[in-house]
Amino acid sequence: MTDVQAQKVLRLLMELRGLGISDARVLGAIERVRREAFVPAAFRDQAWENVALPIGQAQTISQPLVVALMTQALEVGERHKVLEIGTGSGYQASILSKLCRRVFTMERHRPLLKEAEKRFAELKIHNVTTRFGDGSRGWPEQAPFDRIMITAAAPEVPHILRDSLAEGGILVAPVGEERRGQQLVRIRRRDGAFVAEDLGPVRFVPLVAGLPRNAAPAGKSG
Ligand code: SAH
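Residues numbered from 1 in each chain as written. Predicted model: local features only at pLDDT ≥ 70, side-chain atom pairs only at ≥ 80, totals over all residues. Heavy atoms only, no water.

Student: Is there a simple way to explain the sheet that holds strand S3 (residues 81–85) in this structure?
Tutor: Sheet architecture is open: seven strands sit in the order S5-S4-S3-S6-S7-S8-S9, paired in mixed fashion. For this open sheet the edge positions go to strand S5 (128–132) and strand S9 (193–202), each flanked by a neighbour on one side alone. Direction aside, neighbouring strands of the sheet carry axes that sit 15 degrees apart on average. Bridging between S3 and strand S4 (residues 102–107) involves five bridges; their strand directions are parallel. Pairing of Val 82 across the sheet is with Val 103, part of S4. (Pairing = 2+ DSSP bridges. Helix = DSSP H or I, 4+ residues; strand = E, 2+ residues; numbered from the N terminus. Axes fitted to C-alpha atoms, helices over the stretch in contact; angles between N-to-C directions.)

Quick look at the structure:
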């Protein structure tokens, strides 16, 4: 890493700290995962800025602050089995992979998933398992999960995902319509009941049911 690069990383970490990210494990993961490997070449010089960037298929890699907030809110432990819906670039899954035992991640755009899989291999991230398909239908073969993160917004959290939480589990997701504003919501499963809290406003691309037109049928990818 060059000095300029190292300075950019430090500046982002300081900015995140100033914005309320206090979990040293989360900041450590952000420091260790090279975000420039997850953005198109044309945007690489902005990789360490606190901005969302386009990744193709009309999707975006989330702003580092949002990744940090959601990861911190998820209270991930090193023995946890985590489900992510919306692989996108694979950046959030890579951050989670540093903090838990295993990440399962689903994406409905096959080209995005293929690129994300290449990045996991290049970066020697071996505890992420991918699946091509509609994440709003969950991953029943692997449930239950200790933690679930949805990185696309729906008017409500799909019940199949909520029900895939293990006892004591936590789910974090943006909830709401695209125009009316979305809230980051944390749901805890306690004694079989679900307890929800609002964590503040966010903006995400929508969770879209089904697969894109002309996509091949769902199945395990890779
Ligand atoms: N977590 C990603 C960014 C999320 S962008 C990253 O770190 O880069 C939201 C992603 O959710 C997009 O890639 C979009 O295609 C995907 N998505 C939307 N609806 C989905 C669904 N029903 N199932 C799986 N993925 C979905």
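Student: Sorry, what's going on with the site of the ligand here?
Tutor: With respect to spatial proximity, 26 residues lie near the ligand, and among them Ser 89, Glu 107, Asp 134, Gly 135 and Val 208 are the closest. Separating a nitrogen atom of the ligand from a side-chain N or O atom of Asp 134 is a distance of 2.8 Å. Interatomic distance of 3.2 Å between a side-chain N/O atom of Thr 151 and a nitrogen atom of the ligand. About the coverage of the ligand: the protein hides 99% of its 580 Å² of free accessible area. Under a 2 Å grid-point criterion requiring more than half of the atoms, the pocket assigned to the ligand is the largest pocket. Listing elements by their share of the shell around the ligand, those giving two or more residues are strand S2 (59–61), helix H4 (91–97) and S4. (Near = heavy atom within 4 Å. Polar contact = N/O pair within 3.5 Å; in protein donor to acceptor, adjacent residues only side chain to side chain. Areas by Shrake-Rupley, 256 points an atom, 1.4 Å probe, with all protein chains shown as cover. 1 Å grid on protein atoms, 1.4 Å probe; cavity = no way out; pocket = protein on both sides within 12 Å on 5 of 7 lines; lining within 4 Å. Sits in = over half its atoms within 2 Å of the grid points.)

Student: For this particular structure, what's the right way to read the environment of Ile 150?
Tutor: With respect to the helices and strands, Ile 150 occurs in strand S6 (residues 145–150). Under the relative-accessibility criterion, Ile 150 is labelled buried at 2%. Separated by 21 residues in the primary sequence, Ile 150 and Leu 171 have C-alpha atoms spaced 7.9 Å apart. Those residues in contact with Ile 150, other than ones at most four positions away along the chain, are Met 70, Ile 85, Val 157, Pro 158, Leu 161, Leu 171, Val 172, Ala 173, Pro 174 and Leu 207. (Buried < 20%, exposed > 50% of the residue type's maximum accessible area, 1.4 Å probe, protein only. Contact = heavy atoms within 4.5 Å.)

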